Amino acid sequence: MFDDKEAFKTEYLAQCEELGTSFAETGPHERYTILVELLRERLGKVWAGTNKSYSGGETKQVYYFSLEFLIGKLLSYYLLNLGIRDLVREGLGDLGVDLDALCELETDAGLGNGGLGRLAACFLDSMAFLGIPGHGNGIRYRYGLFQQKIVDGFQVELPDNWLRHGYPWETRKPDKSVVVKYRGEVVTRWDAEGRMFFEAENCESVLAVPYDVPVVSCGPEAAVNTLRLWSAEPVADDFDLASFNRGDYSRANRARSEAEAISYILYPEDSNDAGRELRLKQEYFFVAAGLASIVRRYRKVYGPNWNDFTNHVAVHINDTHPALCVPELMRIFLDEEKLSWDAAWNITVNTISYTNHTVLPEALEKWPVEFFRSLLPRIYMIVQEIDRRHRLEVEIRYPAQPAEGIIRDGYVLMANLAVVGSHSVNGVARLHTEILRRSVLKQFYTIFPYKFSNKTNGVSHRRFLLEANPELSALITRAIGKDWITDAGALTRLAERENDSAFLADLAEVKYRNKVRLAEYIRASSGLKVDPRSLFDIQVKRIHAYKRQLLNILKIMHLYNRLRNNPNMDLSPHTFLLAGKAAPGYYYAKQIIKLLNTVAEKVNADSKIKGRIRVVFLENFSVSNAQIIYPAADVSEQISTAGKEASGTGNMKFMMNGALTLGTLDGANVEIRDAAGAANTFIFGLNANQVMDFYTKGGYSAWEIYHGQPQVKKVTDQLIDGTYYDEGADFRLIYDSLLRDNDEYFVLKDFAPYVEAARSLSRLFRDTETWSRIALGNIASSGVFSSDRTIKEYAEDIWRIPGTFL
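Residues numbered from 1 in each chain as written. Predicted model: local features only at pLDDT ≥ 70, side-chain atom pairs only at ≥ 80, totals over all residues. Heavy atoms only, no water.

(A) Inspection of the overall build of the protein chain at higher detail. The number of helices and strands found in the protein chain is 34 helices and 23 strands. Taking 806 residues into account, the globule formula puts the C-alpha radius of gyration at 28 Å, and the protein chain, at 27 Å, falls close to it. Across its three principal axes, the protein chain shows a C-alpha extent of roughly 90 × 75 × 65 Å. Counting over 806 residues, the protein chain shows a buried share of 60%. Carbon and sulfur atoms make up 49% of the accessible area of the protein chain, which amounts to about 31,300 Å² in all. (Helix = DSSP H or I, 4+ residues; strand = E, 2+ residues; numbered from the N terminus. Rg over C-alpha atoms; globule rule 2.2 N^0.38 Å. Buried < 20%, exposed > 50% of the residue type's maximum accessible area, 1.4 Å probe, protein only. Areas by Shrake-Rupley, 256 points an atom, 1.4 Å probe, with all protein chains shown as cover.)

(B) Region of interest: unusual backbone geometry. Located in the positive-phi region is Arg-183, a residue other than glycine, with phi close to 55°. Turning to its location among the elements, Arg-183 is positioned in the loop between β6 (178-182) and β7 (185-190). The backbone phi angle of Arg-800 is positive, close to 55°, even though this residue is not glycine. By the secondary structure assignment, Arg-800 is in the segment after α34 (787-798). On the basis of relative accessibility, which here comes to 43%, the residue Arg-800 falls in the partly exposed class.

(C) View of the side chain of Asp-743. Position of Asp-743 among the secondary structure elements: in the loop between α31 (732-738) and α32 (747-764). Buried charge Asp-743 goes without a salt bridge, the closest partner of opposite sign being Arg-548 at 6.6 Å. For Asp-743, the contacting residues outside a window of four places in its chain are Tyr-700, Ala-702, Ser-737, Leu-738, Leu-748 and Lys-749. (Lys, Arg positive; Asp, Glu negative; His and termini not counted. Salt bridge = Lys/Arg side-chain N within 4 Å of Asp/Glu carboxyl O. Contact = heavy atoms within 4.5 Å.)

(D) Region of the structure containing helix α6 (residues 115-129). With 15 residues, α6 extends 21 Å between its outermost C-alpha atoms, agreeing within 8% with the 21 Å of an ideal straight helix rising 1.5 Å per residue. The buried fraction of α6 is high, at 14 of 15 residues. Of the residues flanking the end of α6, it is Gly-131, one or two places downstream, whose phi is positive at about 75°. (Expected span 1.5 Å × (residues − 1).)

(E) Highlighting the sheet that holds strand β20 (residues 613-618). Strand order in the open sheet formed by six strands is β20-β19-β18-β21-β22-β23, and the pairing between neighbours is parallel. The open sheet has two edge strands with one neighbour each: β20 and β23 (682-683). Two strands pair when backbone bridges link them, and strand β18 (residues 535-540) and strand β19 (residues 574-579) are joined in this way by six bridges, in the parallel orientation. What sits directly across from Leu-535, in β19, is His-574. Against the sheet, α32 contacts β18, β19, β21 (635-638), β22 (660-663) and β23, and its axis sits at roughly 160° relative to β22. (Pairing = 2+ DSSP bridges. Axes fitted to C-alpha atoms, helices over the stretch in contact; angles between N-to-C directions.)

(F) Molecular detail of the packing of aromatic side chains. Following the criterion strictly, the structure yields 34 aromatic pairs and no others. Considering the side-chain rings of Phe-309 and Phe-333, the 5.4 Å spacing of their centres and the 85° angle between planes classify their relative orientation as edge-to-face. With Phe-309 in helix α11 (residues 309-312) and Phe-333 in helix α12 (residues 325-336), the pair connects residues that are 24 residues apart, well separated along the chain. Through a chain of ring-to-ring contacts, the aromatic side chains of Tyr-64, Phe-69, Phe-123, Tyr-794 and Trp-799 assemble into a single cluster. One residue, Arg-462, lies across the ring of Phe-129, its end atom 3.9 Å from the ring centre. (Phe/Tyr/Trp six-rings, centres within 6.5 Å; stacked < 30°, edge-to-face > 60°. Lys NZ or Arg CZ within 6 Å of the ring centre and 35° of its normal.)

(G) Fine view of the pattern of salt bridges. Considering all chains together, one arrives at 60 salt bridges under this definition. The closest approach of N and O atoms between Arg-378 and Asp-335, which form a salt bridge, is 2.7 Å. Remark: Asp-335 occurs in helix α12 and Arg-378 occurs in helix α15 (residues 377-397); sequence separation between them is 43 residues. Each member of the salt-bridge network shares a partner with another, and the members are Lys-5, Glu-6, Lys-9 and Asp-94.

(H) Here's a closer look at the sheet that holds strand β14 (residues 407-408). Strand order in the open sheet formed by three strands is β13-β15-β14, with antiparallel pairing between adjacent strands. Each of the sheet's edge strands pairs with one partner strand only, and the pair in question is β13 (366-368) and β14. As defined by bridge partners, β14 adjoins strand β15 (residues 411-413) across two bridges and the pair is classed as antiparallel. Paired with Ile-407 across the bridge in β15 is Val-412.

(I) Structural context of the environment of Ala-468. With respect to the element layout, Ala-468 can be found in the loop between α19 (461-467) and α20 (470-480). Between the C-alpha atom of Ala-468 and that of Val-215, which follows or precedes it by 253 residues, the distance is 18 Å. Sequence-distant contacts of Ala-468, defined by excluding residues within four places in its chain, comprise Arg-463, Arg-517, Gln-627 and Pro-631.

(J) How the structure looks around the nonpolar core. If you look at the biggest cluster of nonpolar residues, it comprises 238 residues, and the most contacted ones within it are Leu-35, Phe-65, Trp-169, Phe-285, Phe-372, Leu-494 and Trp-799. Counting 34 residues, the second-largest nonpolar core is a separate cluster that includes Val-530, Ile-538, Val-540 and Leu-577. (Core = buried A, V, L, I, M, F, W, Y, C linked by side-chain atoms within 4.5 Å.)

(K) How the structure looks around the packing of helix α22 (residues 501-526) against helix α25 (residues 623-632). Closest axis-to-axis distance for the α22/α25 pair is 8 Å, and the angle between their directions is 140°. Our classification of the angle between α22 and α25 gives oblique. α22 and α25 meet at a crossing whose hand is left-handed. Between α22, through Lys-511, Asn-514, Lys-515, Arg-517, Leu-518 and Tyr-521, and α25, the contact on the second element is made entirely by Asn-625, Gln-627, Ile-628, Ile-629, Tyr-630, Pro-631 and Ala-632. Of the residues assigned to the contact of α22 with α25, the class counts are seven nonpolar, three polar and three charged. (Parallel < 35°, antiparallel > 145°, perpendicular 65-115°, else oblique. Left-handed = near helix turned anticlockwise from the far one by under 90°. Nonpolar A, V, L, I, M, F, W, Y, C, P; charged D, E, K, R; others polar.)

Put into structure tokens, the structure is as follows:
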């Protein structure tokens, strides 16, 4: 890209001049923007060349539809991928500019929330690296999810104005815009050959404008794929001048505001009708825009040769949010291309594939029929017909079995729509896929067993190990060479060092320095001082009852009780760190955050325990601070109720960075145990079958455990007895969830074995060499959880892309 440092400096300074300013007059944000724009310009030819190579011939392109793409910051990572980070660092250094400081100025793109969006970003990364023609399709949220602040222990949501300084990585493509239509009346038409079709009239129209972001792969022959993000704008600039002149300024700009609201925030609060409508609008918006763009591009290259469509296009829907791809692609083929139902259905099903990400009934999206029909009348007609034909097929094939349809009890069931309208349905961990087959989607598996497969999640080891943990990466490279960067399976060679005391000591030292970095970050962000020599016990993920942050908090309360009773107790110092966001309308999860902060305030202020345990809630968890957290963890808390977590990806990132897993046999934890070995993981509690037996057969009594285990009774009572009283906080809701509601997620049942597993880890932590040997075993076994492996499986088994990948 640049021949040498001097060539880079020359081009960088020239870029300043092109913007009409001298380098000396630029400020930090300008210098960051100039650097990104220079890189984007230099990548432009590669980007265009990549897109050209994908057009025509036998190429099959993958379009990955996801409501979230949690891509994080790009500058440092792309410089690393391009192999020019050191060159740029030195060149900027000559100009008196600190590259790391510039990278810090970049904001995390507000395009996602948690594991779903981070997985999508990792998948784009691996598709580009493997040379797979794959593109993301999502929404350009103006304000992201929200910025989390902790005020008096409570979560407060503020707008995430991540675009305040612009986003220099993106390229606006107004000539590629698409008109998306809502509501209206559906009218029947006949073409010249007498075939019936439908059109919508008097619709509410919104303009979807694409912004393209480059996805830059690793290596000298780097391919550049595309993440296309759609922004909502009014079709016409209907500024109401008369209203403005009357002083009615809000009415004057109402049309623009209503259109732009569609792409304002991720997951609008849906406790009211307006919020629910906005969510459905969002889902149709990016589906309709993305599919229109795909069909338009296909037609331009191949003409109306629709029989060949599935040989060149694969549409993948990441969870149920893009499930409207099924009826919308049908609408395009039926109403715009005038295909027969059977022809359109054959193409649609063989084009679309679906990944399920949840077994929780409340997370399987459904929309009230009247609500759905009012907003999307033509789409509802198509869904009705899909449902009718599916029920008829089931009735013919399985006459004794009532069909589990797509429309049921007044709702449109989006997971069912996705299954029926796809040729492939996959879970994201072995256990998760088995639960789908035998429970959640059991009837569909009976009817369509050939559709179902497992594709265990993976994460980008280049992002979350190579970039996030440079010292560990350097240590690994010195030990086994650079092959692991492009082939994560090569990490297995680290096992040869398991009895190398010097190497294990180096590994422990790297971990300590990463903990120092995190301790400095904690102090800067919260003012709390923690000891980097203490055991860093970390749980970072979305706050939800099934993820059982409450179990962790009760453990901390129990340990604090023991220390209060015996301040001289033989215990390694511990730092407990939790982070994650609660959905704005999820009151219970927000109470969990308040409880944790109340416990933290009491524990951290108690001089009697001499700082032996520290409790931290790190606000506004993001990709950027995750890259500081993962490398510093000693213990990875993966303690969800067995059978509830689909897979998890944080568990894999912690593993790659040498953390020891303390967890249940849930999601991908099962496969982490299998890869690392039972001796190198710390498993406790009920398994998924035992949990299911309690749900289906009964027999669980939280009251029996409460009355039979004094340590459980004490920490449960402390929720309401004033021990953690704080004005404005009432933990009765949490207390009642455990006893009155019979502990739906088996927190009390798993408490004793959890505490014992944590205690065994605490004892082991004193043996530094043994601990480092187990950590090394986890790192060496983590290559199977690279997203490169996952994407190869998707490409070969689901998307049917021929060829040999890197």
